[in-house]
Amino acid sequence: MKLLRNIGIAITVGFIVTAATATLSMIFTMFAEGSELGRRLTFFDGLFFEVRDGANGAIQMGFGVHDFTPIVLFFVISSVSVFAFLVALNFLRGYRAKLIDERAS
Amino acid sequence: MILNVDSVSFSYKRSFPVLHDVSFEVPENEVVALVGPNGSGKSTLIKLIVDLLHLRDGSIRLGGQDNGSRESKMRSMYLASNDYLPEFLTGSEYLHFVASLYGETIDRAEAVKKFARYQMMGRADELIEDYSHGMRKKLQLIAALLLKRELTIIDETLNGIDLDAAYAFESDVQSLARDGRSVIVCSHDFAMLQRVSQRLLFLAHGFIVTDDSMTEVFGEYGSIDALVRDYLREEADELP
Amino acid sequence: MSFRSTLILVRFLLTFINRRVFGRGILRSKTAKTAAIAIALTAFVGYGLLTVVVVRQYFDAEIVEILLLSGGAATPFWVLIAYTIVRVLFLKADQLTQLTFMLPATNRERTLAFAIFEALMVVGASLITFGAFIIAAATISGFSIIWRAVAAIFFPTILCYLLFSIVYLGVERLVITIGAGRLRGLIIPFLFAAALVGMFTLANSQSQEMLQGYLSGQPYFIPQLGFLKIADSAGPALAVLVFLILLLALGTLVLVAAPKDYEPVKQHYRVLSGKLASSQLGLHLLALVRSFETLIVLLFATLATAGIAILKIEIPPYVLLFVTFQGVYAFANSEPIRRATPAVQGAVASYLNLVTAQAIVLLVVAVPAVAVSTWLGIGIQHSALAIGFSACNILLSTLVGILFPADNGNPFSVVVGVVLVFAIVAMVAMGLNIFSLPVAINVAVVVLLSVAVVAYSIVGINRIERIRRYEIVA
């Protein structure tokens, strides 16, 4: 049950961290790299941000996924890290409780 | 026996036990007075009996069944020391709500009589939010008197109610502890406890110091007050 | 009138916020607290960094000046928004106010303490909002911009806050005088809503006047920019002097306007039949509908729907979202139901009762709102989407109320929760948008996340109940 709960937490947090990091790196790229025409890659080359001339002469901006592999990898690594953190935390908590019990007895 | 408490120990923090190996029984048709200094473990013991705290050591049985069972919960009623009630309900709605939880119905005429007896005539249809502290306590008492559980536990609920209501309670609690029902009253009002109860449980530092009939207490000490004073004097003598 | 008592009260209120808001619910755990601080700091640093990048990349000294003037001109509007939020929160925090009654302080000392405490919160919020911009602007226009920002934004902010306090206390005094003091929980939010509409119109016309004046070089008069004008023409010392004189005058008026006695706010109104109290669901419905804040949002939603119908505004029924934010109080408001008897209700049953009661209210409000939208030509699929969003919001706000419980008349915890959850939801929504996944996958992700929200809520309730029974250590 505890294992299932930890896996659930790890996947949810991993997803949120991936979405948040992707959003932040996209926003940062959009503003930091200026408005010159062209395609820029961000988030370990997983996402792209593009500025191009539109048909009516106006500048058009677009963004999307360039390559899913780094995104999936990032999600897996974040989820595994959160899972490892939770397991370590549970172990340390158990160890602390054991020490307190030993001292009490 | 309505209640069997057997070798119950409890601690909130591992290193600080609150109750030590507490055992006692409550038979039918008895009002039991539970007394003890602040921090002696009275409220903890009561919360354990009504399963508001998780029992780790010992056993508690209500009517022969585990205190966590649904049957036990249906048999008992607990009147908390605070006046934390659903303020969004009126007094009469609260009574119907509590009754429905016990699978019972409230006799409206009887409820009106009780409201009048406790000086709350015409207030039954007001929101609890608009009740005073004393009125909330009285409402809790009325609920207990109408629902007549096998075991009613009153944890300092009487604090803050007026004299008329206190006198009414003294006679009502006697009739509540009849027909196989019992009541545990926890209070610091020793004079009232002497008038209503048949047995005394004195708890100190998490130990049962006294578990005697009121007749025995009167015979040996003359009053609950004298017993408590005697204990406190002995305790003070033992201090370095 | 003792300022010592006032300062002690301010310290008491700050301790309350520290212990009861930042030390309750999920924030009780050190790990969760550290994570929350880390999220907040990262968000702030990211926001600051982005502001600096944007300002340096796209702005010049003139644009910075226009932004400063616009920010200063808009002060009354956003201070009124902040004041409204703080006031509504304090209406719910009646118990906090009552806690201060045990202390040996007069009502005036109490009023002043609350005013200082609230002003600290608003100044803190404006520092967070404008801090990054001011630092970024300083790298373009020099350090003089810091001083000018103080004159253009911070001085008017503090004075506007005091001005609104005077109006609020005056209204409170008036409603108490006419014998409707306890109903102010219903009256005051509506007055603020009306004031916000008026202030929005005023702020718009002032901004236009300021912009036209600035661009054409014509003189214009915006009172809130007075300190900046004085500072620019006669030096900062005079601006500070004028500010201090006005601060003293308005501060005195706050004390004069404060009612001598406190009258508790009526938190519940007797609506719907008490017969509902015979079932757990009915009881949860009563707990929800009888509380004053639900009645306010129901009235707002009804008025907004009527307004949309009368003015024939073609928008989907997003007004429904109004009623779904009540979820943040749902768990705390139903606490007495869980404590009423020793019979322990399971976490799943508790949760189902909480959300079903809210869903019933949502559906009742949805019927006229969707009818109006359909009559105005909005497609039913748009209305369905609005209802779907609202349903998700019920789940989210209920989760916030469980993780950050607004217990014992402390509505401030939920603010922390709402901010954190909003930040996470916004990130996830933007992330999904960037990933440009097919609609079916997006829907699946939203459904999965909703399932996770439900699961965490149930686990949360279960944990709270077990901690209460000392089955597990917090």
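Residues numbered from 1 in each chain as written. Chains lettered and ligands numbered in written order. Predicted model: local features only at pLDDT ≥ 70, side-chain atom pairs only at ≥ 80, totals over all residues.

A. Region of the structure containing the overall build of chain C. A count of helical and extended segments in chain C gives 19 helices and 0 strands. Expected size for 474 residues packed as a compact globule is a radius of gyration near 23 Å; at 24 Å, chain C falls within 12% of this value. If one aligns the C-alpha atoms of chain C with their principal axes, the spans along those axes are about 70 × 60 × 50 Å. Sequence separation of at least 24 residues holds for 82% of the intrachain contacts in chain C that already meet a minimum separation of 6. (Helix = DSSP H or I, 4+ residues; strand = E, 2+ residues; numbered from the N terminus. Rg over C-alpha atoms; globule rule 2.2 N^0.38 Å. Contact = placed C-beta atoms within 7 Å.)

B. Representation of the packing of helix α4 (residues 75-92) of chain C against helix α7 (residues 144-177) of chain C. Residue and element names in this part refer to chain C. Remark: α4 packs on α7, axes separated minimally by 9 Å, with the N-to-C direction vectors making an angle of 50 degrees. Here α4 lies oblique to α7, going by the angle between them. With respect to the hand of their crossing, α4 and α7 are arranged in right-handed fashion. For the pair α4 and α7, contact is made by Thr75, Pro76, Val79, Leu80, Tyr83 and Arg87 and by Ile153, Pro156, Thr157, Cys160, Tyr161, Phe164 and Tyr168, respectively. For the contact of α4 with α7, the per-class residue count stands at 10 nonpolar, 2 polar and 1 charged. (Axes fitted to C-alpha atoms, helices over the stretch in contact; angles between N-to-C directions. Parallel < 35°, antiparallel > 145°, perpendicular 65-115°, else oblique. Left-handed = near helix turned anticlockwise from the far one by under 90°. Nonpolar A, V, L, I, M, F, W, Y, C, P; charged D, E, K, R; others polar.)

C. A look at the sheet that holds strand β4 (residues 57-62) of chain B. All names here are of chain B. The sheet built from 4 strands is open, its strands ordered β2-β1-β4-β5 with antiparallel pairing. Sheet topology places β2 (16-26) and β5 (65-66) at the edges, where each strand pairs with a single neighbour. In the sheet, strand β1 (residues 3-13) pairs with β4 via 5 bridges, with the strands oriented antiparallel. If you follow aspartate 6 over to β4, its bridge partner there is serine 59. Helix-sheet contacts for helix α1 (residues 42-49) involve β1, β2 and β4, and the interaxial angle to β1 is about 120 degrees. (Pairing = 2+ DSSP bridges.)

D. Spatial organisation of the interface of chain C and chain B. With 21 residues of chain C at the interface, the matching set in chain B holds 24 residues. For the side of chain C that touches chain B, the secondary-structure elements that each account for two or more residues are α11 (280-289) and α15 (335-339) of chain C. Its residues placed into classes, the side of chain C that touches chain B shows 10 nonpolar, 6 polar and 5 charged.

E. Quick look at the nonpolar core. Among the nonpolar cores identified, the biggest contains 123 residues, and Leu34, Ile49 and Val185 of chain B together with Leu320 of chain C are the most heavily contacted of them. Among the elements that take part in this core, helix α16 (residues 347-375) of chain C stands out by supplying 11 residues, more than any other. Dropping the residues within four chain positions of it, valine 185 of chain B is found in contact with Val31, Ala33, Leu34, Ile154, Val173, Leu193, Val196 and Ser197 of chain B. (Core = buried A, V, L, I, M, F, W, Y, C linked by C-beta atoms within 7 Å. Buried ≥ 20, exposed ≤ 12 C-beta atoms within 10 Å, placed from the backbone.)

F. Representation of unusual backbone geometry. With a phi angle near 65 degrees, aspartate 45 of chain A is a residue other than glycine that sits in the positive phi range. Structurally, aspartate 45 of chain A is set in the loop between β1 (38-42) and β2 (47-53). Positive phi outside glycine occurs at asparagine 29 of chain B, with the angle close to 60 degrees. Along the chain, asparagine 29 of chain B falls in the loop between β2 and β3 (31-35).

G. Molecular detail of the sheet that holds strand β7 (residues 151-155) of chain B. Residue and element names in this part refer to chain B. Strands sit in the order β6-β7-β8-β3-β9-β10 across an open sheet of 6 strands; the sheet is mixed. The outermost strands of the open sheet, each flanked by one partner alone, are β6 (76-79) and β10 (207-213). Neighbour-to-neighbour, the strand axes of this sheet turn through a mean angle of 15 degrees, independent of strand direction. The strands that helix α8 (residues 214-221) touches are β9 (199-204) and β10; relative to β10, the one it contacts most, it runs at about 100 degrees.

H. Region of the structure containing the interface of chain C and chain A. Across the boundary between the two partners, chain C contributes 17 residues, which contact 20 residues of chain A. At the level of elements, α2 (30-58), α18 (412-435) and α19 (439-468) of chain C are the ones that each hand at least two residues to the side of chain C that touches chain A. For the side of chain C that touches chain A, the leading source of residues is α18 of chain C, giving 8 residues. Class assignment for the residues of the side of chain C that touches chain A results in 12 nonpolar, 5 polar and no charged.

I. Focus on the pairing of β1 of chain B. Residue and element names in this part refer to chain B. Bridge analysis of β1 against β2 gives 7 bridges, and the strand direction is antiparallel. Along β2, the bridge assignment pairs valine 5 with phenylalanine 24. Hairpin connection of β1 to β2: 2 residues between the antiparallel strands.

J. Representation of the domain arrangement of chain C within the structure. Residues and elements named next belong to chain C. Split by domain assignment, chain C resolves into domain 1 (1-266) and domain 2 (271-403 + 437-474). One C-alpha centre belongs to domain 1, the other to domain 2, and the line joining them spans 31 Å. Contacts between domain 1 and domain 2 engage 8 residues on the former and 6 residues on the latter. Among the elements that make up the side of domain 1 that touches domain 2, the one with the highest residue count is helix α8 (residues 184-216) (3 residues). (Domains from an automatic or database assignment.)

K. Molecular detail of the packing of helix α1 (residues 3-21) of chain C against helix α6 (residues 107-141) of chain C. Residue and element names in this part refer to chain C. In the contact formed by α1 and α6, the axes pass within 8 Å of each other and the chain directions differ by 50 degrees. Between α1 and α6, the angle is such that the two are oblique. For the pair α1 and α6, the sense of crossing is right-handed. Residues Ser5, Thr6, Leu9, Val10 and Leu13 of α1 touch α6, and the partners they reach there are Glu109, Arg110, Leu112, Ala113, Ile116 and Phe117. Split by residue class, the contact of α1 with α6 holds 7 nonpolar, 2 polar and 2 charged.

L. Highlighting the confidence of the model for chain B. Residue-level pLDDT values for chain B average 90, and 100% of them are 70 or greater. Within chain B, helix α2 (residues 70-75) of chain B has the poorest average pLDDT of any element, 86, and β3 of chain B the best, 96. (pLDDT = per-residue confidence, 0-100.)

M. Structural view of helix α3 (residues 61-73) of chain C. Along its 13 residues, α3 of chain C runs 18 Å from first to last C-alpha, staying within 8% of the 18 Å computed at 1.5 Å per residue. Of the positions making up α3 of chain C, those classed as buried are Val64, Leu68, Leu69, Gly72 and Ala73 of chain C. (Expected span 1.5 Å × (residues − 1).)

N. Region of interest: the environment of glutamate 109 of chain C. All names here are of chain C. Within the secondary structure layout, glutamate 109 lies in helix α6. On the neighbour-count criterion, glutamate 109 (23 C-beta atoms within 10 Å) is buried. Through-space distance from the C-alpha of glutamate 109 to that of serine 165 is 15 Å; in sequence the pair is 56 residues apart.

O. Structural context of the environment of phenylalanine 412 of chain C. Residue and element names in this part refer to chain C. Mapped onto the fold, phenylalanine 412 is located in helix α18. Residue class for phenylalanine 412 comes out buried when judged on the 21 C-beta atoms lying within 10 Å of it. The spacing of phenylalanine 412 and valine 21 is 391 residues in sequence and 6.3 Å in space, taken between C-alpha atoms. With residues up to four places along the chain from it excluded, the contact list for phenylalanine 412 reads Ile17, Val21 and Leu89.

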